[in-house]
Amino acid sequence: MRAPAATPRPIDVSHRLNEFFRESLDAAMRDERALATQATSQYLVDLLCDYAKPTALTDETLSRPLTLLLAEAHEARGSERFERLRVLGDGALFIGGFFSEHLETRGVALHYVSSVGARAYDGAALMLRRAPAKTPGSPPDVFRELADNFTRFVDLLSRVADALLANAATTNRAVLKLYERWLRTGSDSLARALQERGLLPLRGDGMLH
């Protein structure tokens, strides 16, 4: 009699995503020589995992005007207000890091997106500050750190986006996208990825970045 076939163990996709984004963010922080508290860096990893499997609220942040979403968040009350501010901050941070080229084609300035995102995180931080006094062992003020250093964290997520694009560049078309992003950003990591593929990244004036 044959032994029953073993039941395949389900793959823990969420754990693998978390591990992948942790490694990507750590590498970006080393490249940028950026500092962040452990709580904030883990928050960024969780944010990247969330946008890998977006919800209705994250989809809304990517598709509707940011100033309208900010106004709606401020009109909300209690936990709904906090959640809308948090998700708006997350969305602006993700858009700034991963889709800066789409902002340019739509005529939306990155500093505008960063301003809205920082204001959203600032509002969330103020709500937490007004909550009952913290007890010993309370989590650090992640939203204050994100609000005060929003542009720096956009740069970090942009580094992560560069790494993802480089890893996915296995076809000629993907390599072309890699080159086009390098032209826009001048990213050193993208330049290295192009060189690894036998390409010497040059600008229109024939000069290396």
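This report concerns the structure included in the present document.

1. So, the overall build of the chain
Inference 1: Assigned secondary structure in the chain consists of 11 helices and zero strands.
Inference 2: Along the chain, helices and strands appear, N-terminal first, in the series α-α-α-α-α-α-α-α-α-α-α.
Inference 3: Looking at the 209 residues of the chain, the share that counts as buried comes to 39%.
Inference 4: Partitioning the contacts of the chain with sequence separation of at least 6, the portion at a separation of at least 24 is 63%.
Inference 5: For the chain, the accessible area works out to roughly 12600 Å², and carbon and sulfur atoms hold 56% of it.

2. Remarks on the nonpolar core
Inference 1: Grouped together as the largest cluster of nonpolar side chains are 43 residues, with contacts concentrated most on Leu25, Leu47, Leu93, Tyr121, Phe143 and Leu146.
Inference 2: Counting only elements with at least two residues in this core, the list comes to α1 (13-32), α2 (38-52), α4 (66-75), α5 (78-98), α7 (110-130), α8 (142-148) and α9 (150-168).
Inference 3: Apart from residues lying up to four places away in sequence, phenylalanine 143 is in contact with Tyr43, Phe82, Arg86, Tyr121, Ala124, Ala125 and Leu128.
Inference 4: In this structure, Val175, Leu178, Trp182 and Leu194 belong to the second largest nonpolar core, which totals 10 residues.

3. With respect to α7
Since there are 3.6 residues in each turn of an α-helix, residues three or four apart along the chain are aligned in direction.
Inference 1: Its 21 residues give α7 an end-to-end C-alpha distance of 30 Å, which sits within 8% of 30 Å, the value for a rise of 1.5 Å per residue.
Inference 2: Among the structural elements, α2, α4, α5, α6 (100-105), α8 and α9 are those in contact with the buried residues of α7.

4. Description of the packing of α5 against α7
Between two packed helices, the angle of one axis relative to the other and the distance separating the axes together describe the packing.
Inference 1: For the pair α5 and α7, the least separation of the axes is 8 Å and the interaxial angle reads 150°. By the angle between their directions, the pair α5 and α7 is classed as roughly antiparallel. Crossing angle aside, the handedness with which α5 passes α7 is left-handed. Between α5 and α7, the residues in contact are Gly78, Arg81, Phe82, Leu85, Arg86, Leu88, Gly89, Asp90, Ala92, Leu93 and Gly96 and Leu110, Val113, Val116, Gly117, Ala120, Tyr121, Gly123, Ala124, Met127 and Leu128, respectively.
Inference 2: Classifying every residue of the contact of α5 with α7 by side-chain character gives 13 nonpolar, five polar and three charged.

5. Remarks on the pattern of salt bridges
Inference 1: Summed over the entire model, instances satisfying the criterion amount to 10 salt bridges.
Inference 2: The salt bridge partner of arginine 159 is aspartate 31, with a shortest N-O separation of 3.8 Å. You can see arginine 159 sitting in helix α9 and its partner aspartate 31 sitting in helix α1, a full 128 residues away along the chain.
Inference 3: Using a relative accessible area of 36% as the deciding quantity, one classes aspartate 31 as partly exposed.
Inference 4: Where salt bridges share partners, they join Asp31, Arg159 and Arg192 into one cluster.

The rules we used
- Residues numbered from 1 in each chain as written.
- Predicted model: local features only at pLDDT ≥ 70, side-chain atom pairs only at ≥ 80, totals over all residues.
- Heavy atoms only, no water.
- Helix = DSSP H or I, 4+ residues; strand = E, 2+ residues; numbered from the N terminus.
- Buried < 20%, exposed > 50% of the residue type's maximum accessible area, 1.4 Å probe, protein only.
- Contact = heavy atoms within 4.5 Å.
- Areas by Shrake-Rupley, 256 points an atom, 1.4 Å probe, with all protein chains shown as cover.
- Core = buried A, V, L, I, M, F, W, Y, C linked by side-chain atoms within 4.5 Å.
- Expected span 1.5 Å × (residues − 1).
- Axes fitted to C-alpha atoms, helices over the stretch in contact; angles between N-to-C directions.
- Parallel < 35°, antiparallel > 145°, perpendicular 65-115°, else oblique.
- Left-handed = near helix turned anticlockwise from the far one by under 90°.
- Nonpolar A, V, L, I, M, F, W, Y, C, P; charged D, E, K, R; others polar.
- Salt bridge = Lys/Arg side-chain N within 4 Å of Asp/Glu carboxyl O.

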